[in-house]
Amino acid sequence: MRILLGVTGSIAAYKAADIANGLVKNGHTVHVAMSDSATKFITPLTLQTLSKNKVHLDVMVEDDANRIEHIDLIKDVDLILIAPASANIIGKIANGIADDMLSTLALVGHELPIYIAPAMNTRMYENPIVQSNMQKLKDYGVKFIEPRTTLLACKDVGKGAMENADKILELIETL
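Procedures and definitions
- Residues numbered from 1 in each chain as written.
- Predicted model: local features only at pLDDT ≥ 70, side-chain atom pairs only at ≥ 80, totals over all residues.
- Heavy atoms only, no water.
- Helix = DSSP H or I, 4+ residues; strand = E, 2+ residues; numbered from the N terminus.
- Rg over C-alpha atoms; globule rule 2.2 N^0.38 Å.
- Buried < 20%, exposed > 50% of the residue type's maximum accessible area, 1.4 Å probe, protein only.
- Contact = heavy atoms within 4.5 Å.
- Areas by Shrake-Rupley, 256 points an atom, 1.4 Å probe, with all protein chains shown as cover.
- Pairing = 2+ DSSP bridges.
- Salt bridge = Lys/Arg side-chain N within 4 Å of Asp/Glu carboxyl O.
- Axes fitted to C-alpha atoms, helices over the stretch in contact; angles between N-to-C directions.
- Left-handed = near helix turned anticlockwise from the far one by under 90°.
- Nonpolar A, V, L, I, M, F, W, Y, C, P; charged D, E, K, R; others polar.

**What to know about the overall build of the protein**
Helix and strand counts for the protein come out as eight helices and eight strands. Rg of the C-alpha trace for the protein: 15 Å, near the compact-globule value of 16 Å for 175 residues, within the 12% margin. Put simply, the protein has 175 residues, and 50% of those count as buried. Considering only residue pairs separated by 6 or more positions, the protein has 69% of its internal contacts joining residues 24 or more positions apart. When the accessible area of the protein is evaluated, it comes to approximately 8,500 Å², of which 53% is carbon and sulfur surface.

**Considerations on the sheet that holds strand β4 (residues 79–85)**
The strand order across the open sheet formed by six strands is β3-β2-β1-β4-β5-β6, and the pairing between neighbours is parallel. Since the sheet does not close on itself, it has two edges, and those belong to β3 (55–56) and β6 (143–144), each with one partner. Taken together, the two bridges between strand β2 (residues 29–34) and β3 define a ladder with parallel strand orientation. Paired with Ala-33 across the strands is His-56, a residue of β3.

**Thoughts on the pattern of salt bridges**
What the rule picks out here adds up to seven salt bridges. In this structure, Lys-40 engages Asp-36 in a salt bridge whose closest nitrogen and oxygen atoms are separated by 3.4 Å. The exposure classification of Lys-40 matches that of Asp-36, with both residues exposed. Here Asp-100 and Lys-92 are joined by a salt bridge, their closest N and O atoms 3.1 Å apart. Taken individually, Asp-100 and Lys-92 each receive the classification buried, so the pair is uniform in this respect.

**Side note on unusual backbone geometry**
For the bond running from Ala-83 to Pro-84, omega is 5°, close enough to zero to count as cis. Position of Pro-84 among the secondary structure elements: in strand β4.

**Observations concerning the pairing of β4**
Burial of β4 is extensive: seven of the seven residues sit out of reach of the surface. In the sheet, β4 pairs with strand β5 (residues 114–118) via four bridges, with the strands oriented parallel. Looking at the pairing, Ala-85 lines up with Pro-118 of β5.

**Let's talk about the packing of helix α1 (residues 15–25) against helix α8 (residues 165–174)**
Interaxial distance between α1 and α8 falls to 9 Å at its minimum, and their mutual angle equals 35°. Crossing of α1 against α8: the hand is right-handed. Residues Lys-15, Asp-18, Ile-19, Gly-22 and Leu-23 of α1 form the contact with α8, whose participating residues are Ala-165, Ile-168, Leu-169 and Ile-172. Partitioned by chemical class, the residues of the contact of α1 with α8 number six nonpolar, one polar and two charged.

Structure below.
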């Protein structure tokens, strides 16, 4: 498969390296789009090296005058996986906001299978607005990979830790 891996700002962003690496090792083509905040947790160079493809960061950067990157890239993928997915990206997609490369790609790719692996503090995850945004996306056919209940980076115990990379890879392989 040709997979767009979206990475957002979360401490779980380091797991995106294992996901990208595993997908490539399993024979998939991986394109990565990162939010600006994701680059504060893991470098684009890491994901470029593991995916063997350019990492997409800015919707306004068009390296090839013959391509409209956010449109043509979606034409080249079969599935969108956003892991980790912050409350911010979930809200953007649910409400049609396209103000960065990843949110724009998700909106352009609305007809593709989309899998979202949330990663956030329990209080954020349980917030009725976040839950409403998730339900809205589920109603549109987006699939969610439920977060784990565990000790979180903030020392809270609760639901919000992104599912482990190996479980996400297993899920992708079953598709």
